[in-house]
Amino acid sequence: MTGARHNPFASAEVAGAYDGWFASPLGAAVDRLEKRLIARLAAPRAGQSALDVGTGTGHYAAYLDDLGLLVTGIDASPAMLEVACARPSDVVWQEGDAAALPYADDSFDLVLSVTMLEFVADPAAALAEMYRVLRPGGRLVAAVLNARSPWGRARQREALEADTPFRQAHFFEPGEFAALLGRLGRVEWSSAVFLGPYGGGLRYADLLERLGQAFWRGRGALLVGRVSK
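Caption draft 1: Representation of the overall build of the chain in the model. Each helix and strand in the chain was counted, giving eight helices and seven strands. Computed over C-alpha atoms, the radius of gyration of the chain comes to 16 Å, within 12% of the 17 Å expected from 2.2 N^0.38 for 229 residues, which places it in the range of a compact globule. Overall size of the chain, expressed as C-alpha extent along the three principal axes, is 45 × 40 × 30 Å. Taken over 229 residues, the chain has a buried fraction of 53%. Looking at the chain alone, contacts between residues at least 24 apart form 74% of all its contacts between residues at least 6 apart. Accessible surface, the chain as shown: approximately 10,000 Å² in total, 55% of it carbon and sulfur.

Below, the structure is given as C-alpha cells:
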C-alpha cells in the first residue's frame, strides 16, 4: 500500500501472511471474480506499459506481467515489496508514494490501483497523480472496498473487535467513489463479489455475480471504476 495515513501493511508479519488467503477456496473464488471485472475494465494488452500503484506483495502486478504487459509496481511499504521482489517475474519494483509518483507525465498505457485508496490521506491527490502519468488514450482503473456490501460491513465490525489493517481503512460508498473518479473524466464502474463474506453462496458464485452486476451493482464487495484519458 502507498501513501498511507498510518501504513497498516508496513510490518513483516502482515506482509508475509497477505497472500495466504488467496490459497483458500473462498479466497481463490474472490480473486477470480475480482480479476474478471478488473480485466474487463482495464482491457490489458500484451506489450503495453502498466503501473500498479499500491502494489503491496505484487499480486496484481504479477497478474499483468503474466498477461505480457511491461509492468512497474510501486508501494510505500518495504516489507510488502520484499515479498513482491521474491516473485518470479519481470516486474520492476519501486518504493514510493502514490501522492508523488516518480514518473514523467504520460508514461503508462494502464494505471491500476486495487485496495489502496482506502488507506491514503488524500485519495483525490493520489488519483490525480495516477492520471498525470497515464498516456493519452490510456486507462486508469481503481478498485476500492465497498462500504455498502456485506463484506465491507463485516470487515468494519471485525476492525472494531481486533486490530486488523481494516481499522485504518476508509470504506467508500458507491456514489462517493464514482464522484471521486468523476473529477478526472467520464466514469464506467461496477462491482464484484456478491457471495457472502464467510463463504455463503460459494457454490453459486458465478450466478450471483451475473445477477448482482445486472441488478445490484452497488452491493458487490469491490467497487471498480475506469477513467480513460
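Okay, back to it.
Caption draft 2: Main features of the sheet that holds strand β3 (residues 92–95). If you walk across this open sheet you meet the seven strands as β3-β2-β1-β4-β5-β7-β6, and the pairing is mixed. For this open sheet the edge positions go to β3 and β6 (187–192), each flanked by a neighbour on one side alone. Strand-to-strand, the axes of this sheet are offset by a mean angle of 15°, without reference to chain direction. As paired strands, strand β1 (residues 49–53) and strand β2 (residues 70–75) are joined by five bridges and run parallel to one another. Bridged to V53 within β2 is I74.

Caption draft 3: Here's a closer look at the packing of aromatic side chains. In total, this model carries seven aromatic pairs according to the counting rule given. Judged by centre distance (6.3 Å) and plane angle (80°), the ring pair of W21 and W151 falls under edge-to-face. Here W21 is found in the loop between α1 (12–17) and α2 (25–42), whereas its partner W151 is found in helix α6 (residues 150–161), with 130 residues between them in sequence. With a relative accessible area of 35%, W21 lands in the partly exposed category. Residue W151 is classed as buried on the basis of its relative accessible area, which comes to 7%. Relative to Y63, the ring of Y60 has its centre 6.1 Å away and its plane inclined at 85°; by these criteria the two rings are edge-to-face. Remark: Y63 and Y60 occur in helix α3 (residues 59–66); sequence separation between them is three residues, near one turn of the helix. Both residues of the pair, Y60 and Y63, belong to the buried class.

Reading guide: rules and limits
- Residues numbered from 1 in each chain as written.
- Predicted model: local features only at pLDDT ≥ 70, side-chain atom pairs only at ≥ 80, totals over all residues.
- Heavy atoms only, no water.
- Helix = DSSP H or I, 4+ residues; strand = E, 2+ residues; numbered from the N terminus.
- Rg over C-alpha atoms; globule rule 2.2 N^0.38 Å.
- Buried < 20%, exposed > 50% of the residue type's maximum accessible area, 1.4 Å probe, protein only.
- Contact = heavy atoms within 4.5 Å.
- Areas by Shrake-Rupley, 256 points an atom, 1.4 Å probe, with all protein chains shown as cover.
- Pairing = 2+ DSSP bridges.
- Axes fitted to C-alpha atoms, helices over the stretch in contact; angles between N-to-C directions.
- Phe/Tyr/Trp six-rings, centres within 6.5 Å; stacked < 30°, edge-to-face > 60°.

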